[in-house]
Amino acid sequence: TQLLEQSPQFLSIQEGENLTVYCNSSSVFSSLQWYRQEPGEGPVLLVTVVTGGEVKKLKRLTFQFGDARKDSSLHITAAQPGDTGLYLCAGEALGSQGNLIFGKGTKLSVKP
Amino acid sequence: EPEVTQTPSHQVTQMGQEVILRCVPISNHLYFYWYRQILGQKVEFLVSFYNNEISEKSEIFDDQFSVERPDGSNFTLKIRSTKLEDSAMYFCASTPGTAYGYTFGSGTRLTVV
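From a predicted model like this one, the values you see are computed outputs, not experimental measurements. (Residues numbered from 1 in each chain as written. Chains lettered and ligands numbered in written order. Predicted model: local features only at pLDDT ≥ 70, side-chain atom pairs only at ≥ 80, totals over all residues. Heavy atoms only, no water.)

A. Region of interest: the nonpolar core. Among the nonpolar cores identified, the biggest contains 22 residues, and A:Leu19, A:Leu32, A:Trp34, A:Leu74, A:Ile76 and A:Leu108 are the most heavily contacted of them. Ignoring anything within four residues of it in the chain, the contact list for A:Leu74 reads A:Leu19, A:Thr20, A:Val21, A:Trp34, A:Leu61, A:Thr62, A:Phe63 and A:Tyr87. Core analysis: the next-biggest nonpolar cluster, separate from the first, contains 21 residues, B:Phe32, B:Val67, B:Cys92 and B:Leu110 among them. (Core = buried A, V, L, I, M, F, W, Y, C linked by side-chain atoms within 4.5 Å. Buried < 20%, exposed > 50% of the residue type's maximum accessible area, 1.4 Å probe, protein only. Contact = heavy atoms within 4.5 Å.)

Here it is in structure tokens:
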């Protein structure tokens, strides 16, 4: 069974600080996706990374896919209260037809 | 921006009853999915659907579950005889191709009493 371990589970920081969320597995994924989920809503796609070593930037968010395609990180620079939310990583299993394996999520709170 | 639309947003049903959850995926997407999320737990894959047939399903998707695309726009999930443990948020998702990431709907909260 493929698993994605996401850490930390909770993160509370002050506005302006930087943070990194990690997603790790012993399995290789064909792609890794990051989502943000608000309470009572569906996950909203932030980014998809496909190539080992790939780095993508979305304003103050930087996403990296590990060289071996087993891990990924999300780095937020100068966090703002609007970044508060639940961040989920999800890996697409090799050879699957879109079976996404989700991590448990990181609940981020950014205090003004 | 195109959306995946799910109805109803909330459904309460008695144990043993049949429920049908409905989804309208984004019109030019080719791959369709159902996921569920039990309160406080991870999002879990149920089934993927491509070219009018199931392409993959999880262990959760047993004989009580079925999916259908009855016309060109709707995608439904049927639970034949609901159990208490079927209570969860059910999300429909679609994508033009799996490397593009998925668009999820807002979900149907199913409560089985």
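Moving on from the model shown.
B. Region of the structure containing the interface of chain B and chain A. Each side of the interface is counted separately: chain B has 19 residues, and chain A has 21 residues. Summing both partners gives a buried area of about 1600 Å² for chain B against chain A, and 53% of it is carried by carbon and sulfur. Per-residue buried area on chain B facing chain A is highest for B:Lys42, B:Tyr102 and B:Phe104; these three make up 32% of the total on that side. At the junction of chain B and chain A, the tally comes to six residue pairs in polar contact (both at pLDDT 80 or more). (Buried area = accessible area lost by both parts, 1.4 Å probe. Polar contact = N/O pair within 3.5 Å; in protein donor to acceptor, adjacent residues only side chain to side chain.)

C. Layout of the state of the cysteines. For the structure on display, the rule yields two disulfides over all chains. One disulfide in the model links A:Cys23 with A:Cys89; its S-S distance is 1.6 Å. A torsion of 55 degrees about the S-S bond marks the disulfide between A:Cys23 and A:Cys89 as right-handed. Here A:Cys89 lies in strand β9 (residues 85–93) and A:Cys23 lies in strand β3 (residues 19–24), a separation of 66 residues in the sequence. For the pair A:Cys23 and A:Cys89, a shared accessibility class is recorded, and that class is buried. Here B:Cys23 engages in a disulfide with B:Cys92; their sulfurs sit 2.0 Å apart. Linking B:Cys23 and B:Cys92, the disulfide has an S-S dihedral of approximately -65 degrees and is accordingly described as left-handed. A residue pair is termed long-range when its members are at least 10 positions apart, and B:Cys23 in strand β3 (residues 19–24) and B:Cys92 in strand β9 (residues 88–95) qualify at 69 residues. (Disulfide = S-S within 2.5 Å. Helix = DSSP H or I, 4+ residues; strand = E, 2+ residues; numbered from the N terminus.)

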